[in-house]
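Here is how the chains run, residue by residue.
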Amino acid sequence: MKIVPIEEINVGDSAEITKYMTLDMIKAFAGISEDFNPVHIDADYASKSRYKRQIIHGLMASSLFSGLFGTELPGEGCVYKSQNIRFKRPIYVDDEVTAKVEVVNIDIKRKVISFTTRCFVKGKVMIDGESEIFMS
């Protein structure tokens, strides 16, 4: 883990992670979240849904932002203040997701950093949002 002091953070700084979304991960997330919607965990059910295939939990992909904030930018000791999320397209089982956060504003006095938060699959925006992070 690292920590980047707020004084060293600039608008435009970013961090990203890419993760392959497996069925085992989806089942584990269902257990944690108690969201056992069959569109996530039942291939037969999902094949008859509007998506035609199993989709991952949108919040599973969005949770990658938390990891980026806590370990990369700004790093250790920061805490979520807010998160807006717009789910633009479904993310399917076995998709490779890239989550990216980018600094858009820094309030040194309040120790708050604002970010755009996006998840991509094959270069397409799947999840779009904004967040604010408190620095300790």
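Residues numbered from 1 in each chain as written. Predicted model: local features only at pLDDT ≥ 70, side-chain atom pairs only at ≥ 80, totals over all residues. Heavy atoms only, no water.

Helix and strand content of the chain: four helices and five strands. Mapped in sequence order, the helices and strands of the chain form the string β-α-α-α-α-β-β-β-β. With the C-alpha coordinates aligned to their principal axes, the bounding extent of the chain is approximately 55 × 25 × 20 Å. Taken across its 136 residues, the chain has 38% of its residues classed as buried. For the chain, the share of sequence-separated contacts (at least 6 apart) that also reach a separation of at least 24 residues comes to 66%. About 7700 Å² of surface is accessible on the chain, with carbon and sulfur atoms providing 51% of the total. (Helix = DSSP H or I, 4+ residues; strand = E, 2+ residues; numbered from the N terminus. Buried < 20%, exposed > 50% of the residue type's maximum accessible area, 1.4 Å probe, protein only. Contact = heavy atoms within 4.5 Å. Areas by Shrake-Rupley, 256 points an atom, 1.4 Å probe, with all protein chains shown as cover.)

Turning to the sheet that holds strand 1 (residues 14-20), a few remarks are in order. Read across the open sheet, the five strands follow the order 1-3-4-5-2; overall the sheet is antiparallel. In the strand order of this sheet, the two ends are held by strand 1 and strand 2 (79-87), each with one partner. Averaged over all pairs of adjacent strands, the angle between their axes in this sheet comes to 20°, without regard to strand direction. Two elements, strand 3 (residues 96-107) and strand 4 (residues 112-121), share nine bridges in a ladder whose sense is antiparallel. If you follow isoleucine 106 over to strand 4, its bridge partner there is isoleucine 113. (Pairing = 2+ DSSP bridges. Axes fitted to C-alpha atoms, helices over the stretch in contact; angles between N-to-C directions.)

The subject of this paragraph is the side chain of histidine 40. For histidine 40, the location among the structural elements is in helix 2 (residues 38-41). With a relative accessible area of 6%, histidine 40 lands in the buried category.

With that out of the way, let us pick up helix 4 (residues 58-71). Within the sequence span of helix 4, burial applies to Met60, Ala61, Ser62, Leu64, Phe65, Leu68 and Phe69. Next to the buried residues of helix 4 lie strand 1, helix 1 (23-33), strand 2, strand 3, strand 4 and strand 5 (124-134).

With respect to the secondary-structure elements, aspartate 95 resides in the loop between strand 2 and strand 3. Despite being buried, aspartate 95 has no salt bridge partner; arginine 53 is the closest side chain of opposite charge, sitting 4.4 Å away. Leave out the neighbours within four places in its chain, and aspartate 95 touches Lys19, Tyr20, Met21, Arg53 and Val121. (Lys, Arg positive; Asp, Glu negative; His and termini not counted. Salt bridge = Lys/Arg side-chain N within 4 Å of Asp/Glu carboxyl O.)

Per the counting criterion, the structure on display carries seven salt bridges. The residue glutamate 72 makes a salt bridge to lysine 2 at a minimum N-O spacing of 3.5 Å. Of the two residues, glutamate 72 is situated in the loop between helix 4 and strand 2 and lysine 2 in the segment before strand 1; the sequence distance between them amounts to 70 residues. A relative accessible area of 35% places glutamate 72 in the partly exposed class. In this structure, lysine 81 engages glutamate 132 in a salt bridge whose closest nitrogen and oxygen atoms are separated by 3.0 Å. Taken together, the positions of lysine 81 in strand 2 and glutamate 132 in strand 5 put the pair 51 residues apart, joining distant regions of the chain. Judged by relative accessible area, lysine 81 falls into the partly exposed class, the value being 37%. One network of salt bridges, in which partners are shared, links Arg86, Arg118, Asp128 and Glu130.

Core analysis: the biggest nonpolar cluster contains 30 residues, and Ile91, Val97 and Phe115 have the highest contact counts within it. At the level of elements, helix 1, helix 4, strand 3, strand 4 and strand 5 are the ones that each hand at least two residues to this core. Dropping the residues within four chain positions of it, isoleucine 91 is found in contact with Gln54, Ile55, Ile56, Ala61, Val97, Val121, Met126 and Ile127. (Core = buried A, V, L, I, M, F, W, Y, C linked by side-chain atoms within 4.5 Å.)

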